[in-house]
Every structure is written in C-alpha cells, then in structure tokens.
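# Remarks on the overall topology
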Amino acid sequence: MFRYPRIVFLAALFALTMFGCGPSGDKAKFRENAAKGDVLFHSSGCTQCHSLDGTPMYGPALSAILHTSIQVVRDGKTVSLTVDRDYIHRSIEKPDYEKLLQFESRKMPQTQLSEEQINQITDYLISINEK
C-alpha cells in the first residue's frame with residue numbers, strides 16, 4: 001500500500017520518541033517519587049526548620065530555589081553555584097558539606113534517610129519549585 005514503508009516507520013518512530021504516547025516511565029517515576037517525598041518531607045521533621053512558602057525560618061525556605069544563583073561556604077571558601085537537582089540532593093545527604101552563606105552558622109541534623117528516600121524528597125522539592 002505504501003511505497004515508502006521504511007520512511008513511514010521511521011517517521012512514526014521519531015514522533016513516538018519526540019512526543020510519546022502518554023506519560024513516560026521517567027515522568028511517572030518522578031511523580032511517584034515526589035508524592036512519597038512529600039510525605040517524607042512532612043513526616044521527617046523538615047518543616048520544623050524549612051518553609052515551603054518563603055516564610056523565614058531557622059533554615060532556608062525551599063520554595064522558588066530551583067535554578068537560582070546562590071553562594072555557599074565549602075571548605076571555608078565562598079563558592080557561587082546554581083541550585084539544581086545535585087545541589088538539593090547533596091544538601092540533604094551531606095548537610096554540612098555546603099552551607100548557604102547566610103545560614104553558615106546554623107546546623108542541620110544529619111539525616112537517617114536512605115538514598116531512595118533522599119531521591120524522593122529531592123524530587124518533591126523539585127516538583128514544588130517547577131509549579
């Protein structure tokens with residue numbers, strides 16, 4: 001029926017790759033992780049020090065942080081960086097490694113979270129910052 005079945009097949013494959021045929025596995029996993037991270041964030045005591053609405057608290061507010069330029073203290077030196085997934089993850093995993101300059105003297109407790117739980121909270125914080 002088609003003179004160029006290979007071209008049609010490649011065009012269809014390209015369209016599915018570019019536009020998908022529904023939520024991708026990665027997006028679905030991200031949403032699932034974010035939902036679990038929401039529960040963990042609120043049940044692990046994070047809200048005792050961090051707000052999600054910009055309200056000043058003991059620790060930095062965690063709303064509207066993604067892709068912002070910040071200054072942190074690392075090994076006694078001030079370093080400029082952009083908040084991304086790696087920074088958020090690292091801040092939960094190793095809270096004393098880098099401290100926001102204005103929160104340098106404040107202590108965040110070392111978490112007892114698994115790698116999976118840290119990823120879930122990271123995805124949650126990214127999800128609320130993308131809204």
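Let me sum up the structure you'll find in this document. (Residues numbered from 1 in each chain as written. Predicted model: local features only at pLDDT ≥ 70, side-chain atom pairs only at ≥ 80, totals over all residues. Heavy atoms only, no water.)

Turning our eyes to something else, we now look at the packing of aromatic side chains. This model, assessed by the stated rule, comprises one aromatic pair. Here Phe41 and Tyr124 contribute two aromatic rings whose centre-to-centre distance is 5.7 Å and whose plane-to-plane angle is 50 degrees, an arrangement assigned as tilted. Pair noted here: Phe41 is in helix H2 (residues 25–43) and Tyr124 is in helix H4 (residues 115–129), with a separation of 83 residues, a long-range link. Taking the ring centre of Tyr58 as reference, the NZ or CZ of Arg106 above it sits at 5.3 Å. (Phe/Tyr/Trp six-rings, centres within 6.5 Å; stacked < 30°, edge-to-face > 60°. Helix = DSSP H or I, 4+ residues; strand = E, 2+ residues; numbered from the N terminus. Lys NZ or Arg CZ within 6 Å of the ring centre and 35° of its normal.)

Once that is clear, we can look at the pattern of salt bridges. For the structure shown, the criterion picks out six salt bridges. Between Asp123 and Arg85 there is a salt bridge, with its nearest N and O atoms 2.7 Å apart. One end of the pair, Asp123, is in helix H4; the other, Arg85, is in helix H3 (residues 85–93), with 38 residues separating them in the sequence. A relative accessible area of 5% means that Asp123 is categorised as buried. One salt bridge connects Arg90 with Glu98, and the closest N-O pair in it is separated by 2.9 Å. Arg90 gets classed as partly exposed once you look at its relative accessible area, which sits at 24%. When its relative accessible area of 5% is taken as the criterion, Glu98 is described as buried. (Salt bridge = Lys/Arg side-chain N within 4 Å of Asp/Glu carboxyl O. Buried < 20%, exposed > 50% of the residue type's maximum accessible area, 1.4 Å probe, protein only.)

Looking now at the side chain of Asn33. Mapping Asn33 onto the fold places it in helix H2. At 3.0 Å, the side chain of Asn33 and the side chain of Asp123 are in polar contact. Each residue touching Asn33, except ones within four places of it in the same chain, is listed here: Gln120 and Asp123. (Polar contact = N/O pair within 3.5 Å; in protein donor to acceptor, adjacent residues only side chain to side chain. Contact = heavy atoms within 4.5 Å.)

Turning to its location among the elements, Ile65 is positioned in the loop between H2 and strand E1 (69–74). Other than its neighbours up to four places away in sequence, Ile65 contacts Val83, Ile88 and Asn129.

Next up on the list: the packing of H3 against H4. Between H3 and H4, the shortest axis-to-axis distance is 9 Å and the interhelical angle comes to 130 degrees. The angle between H3 and H4 falls in the class oblique. Taken as a pair, H3 and H4 cross one another with a handedness that is right-handed. Of the residues in H4, those touching H3 at Arg85, Ile88, His89, Ile92 and Glu93 are Glu115, Ile118, Asn119, Ile121, Thr122, Asp123, Leu125 and Ile126. (Axes fitted to C-alpha atoms, helices over the stretch in contact; angles between N-to-C directions. Parallel < 35°, antiparallel > 145°, perpendicular 65-115°, else oblique. Left-handed = near helix turned anticlockwise from the far one by under 90°.)

A few words on the nonpolar core. Judged by nonpolar contacts, the single largest core of 21 residues is most densely connected at Phe41, Ile70, Tyr87, Ile88, Ile92, Ile121 and Leu125. Broken down by secondary-structure element, the contributors of at least two residues to this core are H2, E1, H3 and H4. Counting residues per element, this core draws most heavily on H4, at five residues. (Core = buried A, V, L, I, M, F, W, Y, C linked by side-chain atoms within 4.5 Å.)

Here the focus is the side chain of Ser51. Its location among the elements puts Ser51 in the loop between H2 and E1. What makes Ser51 buried here is its relative accessible area of 5%. A polar contact is formed between the side chain of Ser51 and the backbone oxygen of Thr55, at a distance of 2.7 Å. Excluding its chain neighbours within four sequence positions, the residues that come into contact with Ser51 are Met57, Pro60, Ala61, Leu62 and Ser63.

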